[in-house]
Amino acid sequence: MYDYDLLVVGSANADLVIDVERRPAAGETVLGSDLAVHPGGKGANQAVAAARLGARTALLARVGDDAHGRLLLDSQRAAGVDTAGVLVGGAPTGVALITVDPSGDNSIVVSPGANGRLTPEDVQAATGLLRSSRVVSAQLEIPLETVVAAATGRAPGSLFVLNPSPPRPLPAVLLAACDTLIVNEHEAKVILGEAAAGESPEGWARLLLAKGPKSVVVTLGAQGALTASADGGVERVGPVQVDAVDTTGAGDSFTAALAWKLGTGASLAEAAAYAARVGAVAVTRRGAQESFPTADEVGAL
């Protein structure tokens, strides 16, 4: 029935990465490594991560008619992603400025560029793509109204997975459309606001679940993750112990793996455990898309 296992509706950025001994404080300048340019953006990252795992994947995004846009299209095609839904023009390609410290932690500032020009009308024009996808995944590096259009325009019976990053308050219609909402600690606190104060991660999950999603996954970094659903309660997903080199893109690989696995019929806990292994492999390598593993590499872990 479905031509694609996963359609990612989201951003495509060029990642400009500098390694630093420490991230600068306000008003401070620090010296870093040579600048490295990589294909990135949460949407593009998730599409590549899923395709590397073997999912039939398509991307609906917008890039500029420039060198960064061509870099992104080339990386998608090299991974086996269908780029028929990638629109070109309207603004320069989005750019992410990333600093990475010796522990592998990163700080990111994004200039949306063409991502901000991906409109609900673009989603409506791609109805055929949405209706032929088993799972639709989105993030918030594109306009919120575009995400809502993707969530409500998908095929009956398909799944919608949302990683609300960067976080912001979400409308009820979007939360209700989520089959799975994937958040980290910061995202959970932004969405919940004052209600998050004093709560444990289990509490955040239950409060988010009460807002309308059918299920919630809270990622906890080195502590693993937890899942919550109305019929399955709250379950912990144990961490996978690895030596982290660079966490850039790890959350995107987790989201892509979980979305794909859910589409294959895996339970929420099974999908989250698999996604944790995918993310664990990714943090042992530098960069975003180039760090994403194949299914064989995940199996070897």
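Presented here is a report on the structure given in the accompanying data block. (Residues numbered from 1 in each chain as written. Predicted model: local features only at pLDDT ≥ 70, side-chain atom pairs only at ≥ 80, totals over all residues. Heavy atoms only, no water.)

**Let's talk about the layout of surface pockets**
Right, so step 1: Taken as a whole, the largest pocket encloses approximately 1400 Å³ of empty space.
Right, so step 2: Lining the largest pocket are 48 residues, and of these N184, T219, T247, A250 and G251 lie nearest its centre.
Right, so step 3: At the level of elements, strand 2 (13-19), helix 1 (42-53), strand 6 (94-100), strand 7 (106-111), helix 7 (185-192), helix 9 (250-263) and helix 10 (268-282) are the ones that each hand at least two residues to the lining of the largest pocket.
Right, so step 4: Counting residues per element, the lining of the largest pocket draws most heavily on helix 9, at five residues.
Right, so step 5: Forming the walls of the second largest pocket are 17 residues, and the residues nearest its centre are K214, S215, S229, D231 and L268.
Right, so step 6: Broken down by secondary-structure element, the contributors of at least two residues to the lining of the second largest pocket are strand 12 (225-229), strand 13 (233-237) and helix 10. (1 Å grid on protein atoms, 1.4 Å probe; cavity = no way out; pocket = protein on both sides within 12 Å on 5 of 7 lines; lining within 4 Å. Points joined across faces, edges and corners; volume = space filled by probe spheres on them. Helix = DSSP H or I, 4+ residues; strand = E, 2+ residues; numbered from the N terminus.)

**A few points about the packing of aromatic side chains**
Right, so step 1: Counted according to the given criterion, the structure contains one aromatic pair.
Right, so step 2: Both rings, one in W260 and one in Y274, keep their centres 6.3 Å apart while their planes meet at 65 degrees; by these two values the pair is edge-to-face. Linking W260 in helix 9 with Y274 in helix 10, this pair joins segments that are 14 residues apart in sequence. Accessibility assignment for this pair places W260 and Y274 in one class, buried.
Right, so step 3: The cationic tip of K261 hangs over the ring face of W260; the distance from NZ or CZ to the ring centre is 5.1 Å.
Right, so step 4: A cation sits over an aromatic face here: K261 above Y274, 4.5 Å from the ring centre. (Phe/Tyr/Trp six-rings, centres within 6.5 Å; stacked < 30°, edge-to-face > 60°. Buried < 20%, exposed > 50% of the residue type's maximum accessible area, 1.4 Å probe, protein only. Lys NZ or Arg CZ within 6 Å of the ring centre and 35° of its normal.)

**Considerations on the sheet that holds strand 4 (residues 57-63)**
Right, so step 1: Taken in spatial order, the nine strands line up as 5-4-1-8-9-10-11-12-13 in an open sheet, and their pairing is mixed. What marks the edges here is a single partner per strand, and that holds for strand 5 (86-88) and strand 13. Neighbour to neighbour, the strand axes of the sheet diverge by 20 degrees on average, direction disregarded.
Right, so step 2: As paired strands, strand 12 and strand 13 are joined by five bridges and run antiparallel to one another. (Pairing = 2+ DSSP bridges. Axes fitted to C-alpha atoms, helices over the stretch in contact; angles between N-to-C directions.)

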